[in-house]
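Coordinate analysis (summary)
This is what each chain is made of:
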Amino acid sequence: MKWMYLLGLFAGFSLPCTAAETVSPALDDKPAFIDSLIERMTLEEKIGQLRLISIGGDMPRPRILQELAAGQIGGTFNTVTRHDNRPMQEAALRSRMRIPIFFAYDVVHGHRTIFPIGLGLASSWDLDTIARSGRVAAIEASADGLDMTFAPSVDISRDPRWGRISEGFGEDPYLVSEIARTMVEAYQGESPAAPDSITASVKHFALYGAVEGGRDYNVVDMSPMRMHQDFLPPYRAAIDAGAGGVMVALNAINGVPASANSWLLRDLLRRDWGFRGMTVSDHGAISELLRHGVARDGREAARLAIEAGIDMSMADSLYRDELPGLVQAGEVEIGVIDAAVREVLGAKYDMGLFHDPFRRIGVAEDDPQDVNAESRLHRAAARAVARQSLVLLENRGETLPLEKRGTIALVGPLADSPVDMLGSWSAAGVARQAVTLRQGMREALGDAAVLLHARGANVTDDAHMVDYLNFLNWDAPEVVQDPRSPAEMIAEALAAAEKADVIVAAVGESRGMSHESSSRTSLQLPPSQQRLLDALKGTGKPLVLVLMNGRPLELGWAKANADAVLETWFSGTEGGHAIADVLFGDYNPSGKLPISFPRSVGQIPTYYNHLRVGRPFVEGKPGNYTSQYFEEPTGPLYPFGYGLSYTRFQISDVRLSSASLPRRGRLQASVKVRNIGRRDGATVVQLYIQDLVASVIRPVKELKAFRKVMLKAGEEREIRFSIDEDDLKFVNAQLQRVAEPGEFEVQIGLDSQHVQRRRFELQ
Ligand code: BGC
């Protein structure tokens, strides 16, 4: 591309040229190059760089082009084709300073090919697999002219009522941090400047997953120790991995909205963590400072946000309208504006846009004829990743895998619903390209067996809920009710079940039920689906539940009544194939839960790495005055790290290379893992550590390492972990990361509950 612009420049063509070419002597020197731009920019042009606008909103296209050409916009989001982006970039390059814009989008779990949602990806416990999904997403998104994604979403959450729990990677700081790093590296590739890379903008900074009561946008109140120990590490991991951007959360933290929180954005993010990159507000968050009640008016909101350290304002006009006046009145120093502009230009520089503003847009002749062409999808990768994201929760009497013969009744509102396969934030994914379970099973079976299908129930019969779900931001209403009566639908399902050898019921949530602004008070299946399951159970036929959902659900009934339960989350474009692979044993499930499943909503929060208490509940000792809810068993229904396989694994006692660990030394902890079943399979060996006595209360255990291992039937392998002082560090009452001498317990298991233990001493 670039030679064409240079040619155009020298030959006097009217092709747009770039800021780089007008000041090219300094292009290789980033700080000097950016300073030279800032020196020559007017205040209005500077403020223009701080505006990130959504395309498709209220502003008509000609007006957008006009504002771009006037240098009043720094970046846009929500367009997903080169064809759409090219004229906008051309308009930006007609501006006086010829500064390119960047194009962003919510590429959260895939772009055109949709991978499993965050919880599903995390269930693989396989960083290479997760990286594969991120790399494919970057390749597809960059090929559509995108430069940046608002991802990864690394908010730790312990509250499944929160709909956005689906977007993150679960409850554990270590696992989520590992995934955060992996995703940033996958999106950004060798460098964010590479044509097939997109810049990662980690979100939502910070603590969004801890909104009170799991109600979206609610406040967060949290002790600094807990923040630093449990909730902040994943953001830090993303930043240490080089994330070019940070999206600031919508919630308040200890009384101060994140968007006006200079402790968060200046002291912690930039000073303590050394972040060098661009911060963006979340959608409309700066104007929300008025509703938070910390700003009297738009002018004050804009001042608070820029001074707190928000470089770009997303989808509101306050920076444009208010910053000029604030600077002229001396209420905001020009240095504050310049610093924000420097970060935005720096991010564009790092994206490679000054070197070639069209590096991801290319030339019109190369545009795909059909952006949704099959050839542009990465189905094999999606299927491979999705298979690893499935978690087998129950398998009584080896109900699964199913044989490919006889008659199978497939029922349930999610058995054949393409859009729900995709999950929320499905970027440019297209529902009709998603493989449903019905389609996946039909293909797997061919002529070998009869597959009967009946919907059996609507996802919900609650008209208010349907209205709400259809009111979310989709292109079209997507919860489409079957007009038949519940009784009629159940009767149809029962008729199919009666003819079948086994029933597969695909139940759970429509994708909008686990989404932004989709907080729930209940974790149960909606009554319409539970009634269907009750009726199916009455047939006495083997019942396999295939769950599709974006949060831990209450599964007491399923555990007690179903013969097998497979958690599939929202598994993406190839979900139907992947689930069929597992149902029929063409793939042996290996997923493990990245989050605890509480027994009931009343047990929230239920998380494995909880702090110790003075009166702990002791299993088998029913006495009063211990920490428990008395009407229900204590502890999760399914613990963190749990998941079955079609084979069985056994682990040996833990061996330690020494009973003590010298500071700056290392200790080896090892177990032997044996596949004692008849099939080859993979499992995840998990290493937890407990600090037995410390200056502050420490959790009962914390994940410190894990290894996914593939073992042939009968095979045994020794798995070794290396432990050092760093693994023993925690945040003390003075907020220092320290390892205190004393006794520690290593716990190794195939889930967080059933572990082998051994102690050692830190000297
Ligand atoms: C969400 C963000 C998202 C942004 C842009 C907001 O409503 O909170 O996660 O990146 O919209 O689409």
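Up top is the structure.
Residues numbered from 1 in each chain as written. Predicted model: local features only at pLDDT ≥ 70, side-chain atom pairs only at ≥ 80, totals over all residues. Heavy atoms only, no water.

**Quick word on the nonpolar core**
One finds Phe205, Leu437, Met441, Val504, Leu536 and Leu583 to be the most contacted residues of the largest nonpolar core, which totals 204 residues. Composition of this core by domain shows at least three residues from each of domain 1 (379–602) and domain 2 (649–762). For Leu536, the residues in contact, after removing those within four places along its chain, are Val411, Ala493, Leu494, Ala497, Ile503, Ala505 and Leu543. Ranked by size, the runner-up nonpolar core spans 26 residues in total, among them Leu687, Val709, Ile719 and Ile748. (Core = buried A, V, L, I, M, F, W, Y, C linked by side-chain atoms within 4.5 Å. Buried < 20%, exposed > 50% of the residue type's maximum accessible area, 1.4 Å probe, protein only. Domains from an automatic or database assignment. Contact = heavy atoms within 4.5 Å.)

**Quick word on unusual backbone geometry**
Backbone torsion omega between Leu400 and Pro401 reads -5°, so that peptide bond is classified as cis. Within the secondary structure, Pro401 sits in the loop between β11 (391–395) and β12 (407–411). That bond from Ile604 to Pro605 is cis: its omega, 0°, falls within 30 degrees of zero. Within the secondary structure layout, Pro605 lies in the loop between α24 (575–583) and β17 (649–651). Its identity is not glycine, yet Ala427 carries a phi of approximately 45°, on the positive side. The residue Ala427 is located in the loop between α18 (418–422) and α19 (437–445) in this model. At Leu735, a position not held by glycine, the phi torsion is positive, near 65°. Structurally, the position occupied by Leu735 is in the loop between β24 (730–731) and β25 (737–738). Residue classification places Leu735 among the partly exposed positions, given a relative accessible area of 40%. (Helix = DSSP H or I, 4+ residues; strand = E, 2+ residues; numbered from the N terminus.)

**What about the pattern of salt bridges?**
All chains considered together, the criterion is met by 57 salt bridges. Between Glu478 and Arg511 there is a salt bridge, and its shortest N-O distance comes to 2.7 Å. A residue pair is termed long-range when its members are at least 10 positions apart, and Glu478 in the loop between α20 (463–471) and α21 (486–499) and Arg511 in the loop between β14 (502–508) and α22 (527–537) qualify at 33 residues. Neither residue differs from the other here; Glu478 and Arg511 are each classed as buried. For Glu492, the salt bridge identified is with Arg484, shortest N-O distance 2.9 Å. According to the relative accessible area criterion, Glu492 is partly exposed, its value standing at 32%. Three or more residues are tied together by salt bridges with common partners; here these are Arg51, Arg63, Glu67, Arg320 and Asp321. (Salt bridge = Lys/Arg side-chain N within 4 Å of Asp/Glu carboxyl O.)

**What to know about empty space enclosed by the protein**
Going through the model one piece at a time under the given rule, you end up with 4 cavities of 30 Å³ or more. Estimates place the volume of the largest cavity at around 80 Å³. Lining of the largest cavity is provided by 14 residues; of these, Gln49, Gly71, Ser95, Met97 and Ile99 occupy positions nearest its centre. Looking at the lining of the largest cavity residue by residue, the classes come out as 8 nonpolar, 3 polar and 3 charged. A volume near 40 Å³ is recorded for the second largest cavity. Residue lining of the second largest cavity: Ile689, Gln690, Asp691, Arg698, Glu702, Lys704, Asp727, Leu728, Lys729 and Phe744, and that is the complete set. Looking at the lining of the second largest cavity, the elements that each hand over two or more residues are β21 (681–691) and β22 (702–711). When residues of the lining of the second largest cavity are assigned to their parent elements, the largest contribution, 3 residues, is made by β21. (1 Å grid on protein atoms, 1.4 Å probe; cavity = no way out; pocket = protein on both sides within 12 Å on 5 of 7 lines; lining within 4 Å. Points joined across faces, edges and corners; volume = space filled by probe spheres on them. Nonpolar A, V, L, I, M, F, W, Y, C, P; charged D, E, K, R; others polar.)

**Notes on the sheet that holds strand β10 (residues 313–314)**
Pairing is parallel across the open sheet formed by 8 strands, whose spatial order is β9-β6-β5-β4-β3-β2-β1-β10. Of all strands in the sheet, those with a lone pairing partner are β9 (278–280) and β10, marking the two edges. (Pairing = 2+ DSSP bridges.)

**Some details on the site of the ligand**
Taken together, the residues surrounding the ligand are Phe77, Asp106, Phe150, Arg164, Lys203, His204, Met247, Asp282, His283, Met314, Trp425 and Glu516. Here an oxygen atom of the ligand and a side-chain polar atom of Glu516 are 2.9 Å apart. Compared with its free state, where it exposes 310 Å², the ligand has 92% of that area covered by protein. For the shell around the ligand, the per-class residue count stands at 5 nonpolar, 2 polar and 5 charged. (Near = heavy atom within 4 Å. Polar contact = N/O pair within 3.5 Å; in protein donor to acceptor, adjacent residues only side chain to side chain. Areas by Shrake-Rupley, 256 points an atom, 1.4 Å probe, with all protein chains shown as cover.)

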